[in-house]
Amino acid sequence: MGVEEMRPVWIIGIVLAIVIIIAAFVIAVNDSKSGNGGGAETLRVEASDGTRTIVFELNDSPASKSFVGMMPFSATVSDYSTNEKVFDPPARLSTSDGIQEACPAGSIAYFSPWGNVAMYYGDAPPYAGLYLMGHAVEGGEHIGSLAGTVDFKRVRCLISAIR
(Lines give C-alpha, C1' and ligand atoms only; values in the text may rest on other atoms or scores of the structure.)
Protein backbone atom coordinates (compact mmCIF):
# COMPACT_ATOMS: atom_id res chain seq x y z
CA MET A 1 0.00 0.00 0.00
CA GLY A 2 1.42 3.37 -0.98
CA VAL A 3 1.49 6.55 1.08
CA GLU A 4 -1.37 8.05 -0.93
CA GLU A 5 -3.58 5.00 -0.27
CA MET A 6 -2.89 5.11 3.53
CA ARG A 7 -3.74 8.81 4.00
CA PRO A 8 -7.57 8.33 4.14
CA VAL A 9 -7.16 5.53 6.73
CA TRP A 10 -4.87 7.72 8.85
CA ILE A 11 -7.30 10.67 8.72
CA ILE A 12 -10.26 8.43 9.63
CA GLY A 13 -8.30 7.10 12.63
CA ILE A 14 -7.59 10.61 13.94
CA VAL A 15 -11.19 11.74 13.47
CA LEU A 16 -12.44 8.61 15.25
CA ALA A 17 -10.07 9.21 18.21
CA ILE A 18 -11.29 12.82 18.53
CA VAL A 19 -14.95 11.71 18.45
CA ILE A 20 -14.28 9.13 21.21
CA ILE A 21 -12.56 11.72 23.43
CA ILE A 22 -15.40 14.22 23.00
CA ALA A 23 -18.03 11.55 23.70
CA ALA A 24 -16.24 10.46 26.90
CA PHE A 25 -16.09 14.09 28.08
CA VAL A 26 -19.81 14.65 27.35
CA ILE A 27 -20.74 11.47 29.23
CA ALA A 28 -18.65 12.50 32.26
CA VAL A 29 -20.21 15.98 32.35
CA ASN A 30 -23.76 14.61 31.98
CA ASP A 31 -23.17 12.02 34.73
CA SER A 32 -21.97 14.71 37.13
CA LYS A 33 -25.02 16.87 36.40
CA SER A 34 -27.44 13.97 36.87
CA GLY A 35 -25.79 12.66 40.03
CA ASN A 36 -24.67 9.38 38.45
CA GLY A 37 -21.36 7.87 39.50
CA GLY A 38 -19.43 8.61 36.30
CA GLY A 39 -18.36 12.06 37.40
CA ALA A 40 -19.15 13.77 40.66
CA GLU A 41 -18.77 17.29 41.91
CA THR A 42 -17.17 17.52 45.32
CA LEU A 43 -18.31 20.16 47.80
CA ARG A 44 -15.40 22.52 48.36
CA VAL A 45 -15.31 25.82 50.21
CA GLU A 46 -12.60 28.46 50.23
CA ALA A 47 -11.97 30.57 53.33
CA SER A 48 -9.69 33.61 52.91
CA ASP A 49 -8.79 36.56 55.11
CA GLY A 50 -6.97 38.26 52.23
CA THR A 51 -3.58 36.94 53.33
CA ARG A 52 -4.19 33.25 53.93
CA THR A 53 -6.48 30.87 52.04
CA ILE A 54 -7.80 27.46 53.09
CA VAL A 55 -9.80 25.08 50.94
CA PHE A 56 -12.07 22.62 52.73
CA GLU A 57 -13.55 19.53 51.08
CA LEU A 58 -16.94 18.93 52.66
CA ASN A 59 -18.81 15.71 53.24
CA ASP A 60 -22.30 15.06 51.91
CA SER A 61 -24.09 15.86 55.19
CA PRO A 62 -27.14 18.14 55.54
CA ALA A 63 -24.99 20.62 57.54
CA SER A 64 -22.43 20.81 54.71
CA LYS A 65 -25.10 21.24 52.06
CA SER A 66 -26.87 24.03 53.96
CA PHE A 67 -23.48 25.70 54.63
CA VAL A 68 -22.58 25.67 50.93
CA GLY A 69 -26.06 26.97 50.10
CA MET A 70 -25.26 30.19 51.98
CA MET A 71 -22.21 30.99 49.85
CA PRO A 72 -20.75 33.50 49.33
CA PHE A 73 -20.63 35.35 52.65
CA SER A 74 -18.18 37.02 55.02
CA ALA A 75 -17.84 36.40 58.75
CA THR A 76 -15.67 37.56 61.62
CA VAL A 77 -13.41 34.75 62.83
CA SER A 78 -12.29 34.60 66.45
CA ASP A 79 -10.23 32.31 68.67
CA TYR A 80 -11.93 29.80 70.89
CA SER A 81 -9.98 27.60 73.30
CA THR A 82 -6.52 26.59 72.12
CA ASN A 83 -7.38 24.61 69.03
CA GLU A 84 -10.06 26.32 66.95
CA LYS A 85 -11.26 29.40 65.13
CA VAL A 86 -15.02 30.02 65.20
CA PHE A 87 -17.52 32.16 63.31
CA ASP A 88 -21.27 32.54 62.96
CA PRO A 89 -22.72 31.53 59.58
CA PRO A 90 -25.55 33.68 58.17
CA ALA A 91 -28.16 31.17 59.46
CA ARG A 92 -28.39 27.92 61.41
CA LEU A 93 -27.39 24.77 59.53
CA SER A 94 -29.42 21.59 59.13
CA THR A 95 -28.21 18.74 61.35
CA SER A 96 -30.64 15.94 60.46
CA ASP A 97 -28.67 12.72 59.91
CA GLY A 98 -25.44 14.64 60.59
CA ILE A 99 -22.10 13.12 61.52
CA GLN A 100 -21.22 13.68 65.20
CA GLU A 101 -17.62 12.63 65.76
CA ALA A 102 -14.13 13.76 66.69
CA CYS A 103 -12.56 16.54 64.65
CA PRO A 104 -8.86 16.17 63.91
CA ALA A 105 -6.68 19.20 63.09
CA GLY A 106 -7.72 20.59 59.71
CA SER A 107 -11.43 19.82 60.21
CA ILE A 108 -14.40 22.11 59.83
CA ALA A 109 -17.50 21.40 61.93
CA TYR A 110 -20.82 22.87 63.00
CA PHE A 111 -21.55 23.23 66.72
CA SER A 112 -25.35 23.18 66.86
CA PRO A 113 -25.90 24.29 70.50
CA TRP A 114 -24.33 27.68 69.74
CA GLY A 115 -25.01 27.77 65.98
CA ASN A 116 -21.39 28.47 65.06
CA VAL A 117 -18.83 26.85 62.78
CA ALA A 118 -15.40 25.80 64.03
CA MET A 119 -12.22 25.34 62.01
CA TYR A 120 -9.77 23.19 63.95
CA TYR A 121 -6.00 23.68 63.98
CA GLY A 122 -5.71 21.15 66.83
CA ASP A 123 -7.57 17.92 67.49
CA ALA A 124 -11.01 18.00 69.17
CA PRO A 125 -12.74 15.03 70.81
CA PRO A 126 -16.31 14.03 69.95
CA TYR A 127 -18.87 16.27 71.60
CA ALA A 128 -22.67 16.24 71.62
CA GLY A 129 -23.90 18.62 68.94
CA LEU A 130 -20.55 18.82 67.08
CA TYR A 131 -21.15 17.88 63.43
CA LEU A 132 -18.12 17.18 61.26
CA MET A 133 -18.51 18.82 57.84
CA GLY A 134 -15.14 18.19 56.21
CA HIS A 135 -11.39 18.71 56.20
CA ALA A 136 -8.80 21.05 54.72
CA VAL A 137 -7.30 19.92 51.43
CA GLU A 138 -5.21 23.06 50.92
CA GLY A 139 -3.79 25.55 53.40
CA GLY A 140 -4.86 23.73 56.58
CA GLU A 141 -1.70 24.90 58.26
CA HIS A 142 -3.10 28.48 58.12
CA ILE A 143 -6.25 27.86 60.19
CA GLY A 144 -4.60 29.02 63.44
CA SER A 145 -3.43 32.25 61.75
CA LEU A 146 -6.78 33.36 60.29
CA ALA A 147 -7.88 36.70 61.67
CA GLY A 148 -10.60 39.31 61.23
CA THR A 149 -13.08 39.11 58.40
CA VAL A 150 -12.95 35.93 56.36
CA ASP A 151 -14.65 35.53 52.99
CA PHE A 152 -16.25 32.16 52.30
CA LYS A 153 -17.13 30.98 48.81
CA ARG A 154 -17.83 27.73 47.03
CA VAL A 155 -15.10 26.29 44.84
CA ARG A 156 -16.14 24.09 41.93
CA CYS A 157 -14.22 20.84 41.58
CA LEU A 158 -15.32 18.14 39.14
CA ILE A 159 -13.99 14.66 39.75
CA SER A 160 -14.18 13.12 36.30
CA ALA A 161 -14.66 9.57 35.13
CA ILE A 162 -11.77 10.14 32.74
CA ARG A 163 -8.51 9.63 34.62
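Before any of the text, the structure's been laid out above.
Residues numbered from 1 in each chain as written. Predicted model: local features only at pLDDT ≥ 70, side-chain atom pairs only at ≥ 80, totals over all residues. Heavy atoms only, no water.

Draft legend 1. Spotlight on unusual backbone geometry. M71 connects to P72 through a cis peptide bond whose omega is -10 degrees. On the secondary structure map, P72 appears in the loop between α2 (62–68) and β3 (73–80). A positive phi angle is found at S81, which is not glycine, with a value near 60 degrees. Structurally, S81 can be placed in the loop between β3 and β4 (84–87). Despite not being glycine, D97 shows a phi value in the positive range, around 60 degrees. The class of D97 is exposed, set by a relative accessible area of 75%. (Helix = DSSP H or I, 4+ residues; strand = E, 2+ residues; numbered from the N terminus. Buried < 20%, exposed > 50% of the residue type's maximum accessible area, 1.4 Å probe, protein only.)

Draft legend 2. Fine view of a nonpolar patch on the surface. A cluster of nonpolar side chains, contributed by I14, I18 and I22, occupies part of the molecular surface with about 260 Å² of accessible area. For I18, the position within the fold is in helix α1 (residues 3–34). Residue classification places I18 among the partly exposed residues on the basis of a relative accessible area of 46%. (Patch = residues over 30% accessible without salt bridge, like charges linked within 9 Å, V, L, I, M, F, W, Y side chains within 5 Å. Areas by Shrake-Rupley, 256 points an atom, 1.4 Å probe, with all protein chains shown as cover. Salt bridge = Lys/Arg side-chain N within 4 Å of Asp/Glu carboxyl O.)

Draft legend 3. The layout of surface pockets, seen in detail. Approximately 250 Å³ is the volume found for the largest pocket. If you go around the largest pocket, you meet 14 residues; those closest to its centre are Y80, E84, F111, Y120 and Y127. For the lining of the largest pocket, the elements supplying multiple residues, two or more each, are β4 and β6 (116–120). Counting residues per element, the lining of the largest pocket draws most heavily on β6, at 3 residues. Of the residues in the lining of the largest pocket, the class split is 10 nonpolar, 3 polar and 1 charged. (1 Å grid on protein atoms, 1.4 Å probe; cavity = no way out; pocket = protein on both sides within 12 Å on 5 of 7 lines; lining within 4 Å. Points joined across faces, edges and corners; volume = space filled by probe spheres on them. Nonpolar A, V, L, I, M, F, W, Y, C, P; charged D, E, K, R; others polar.)

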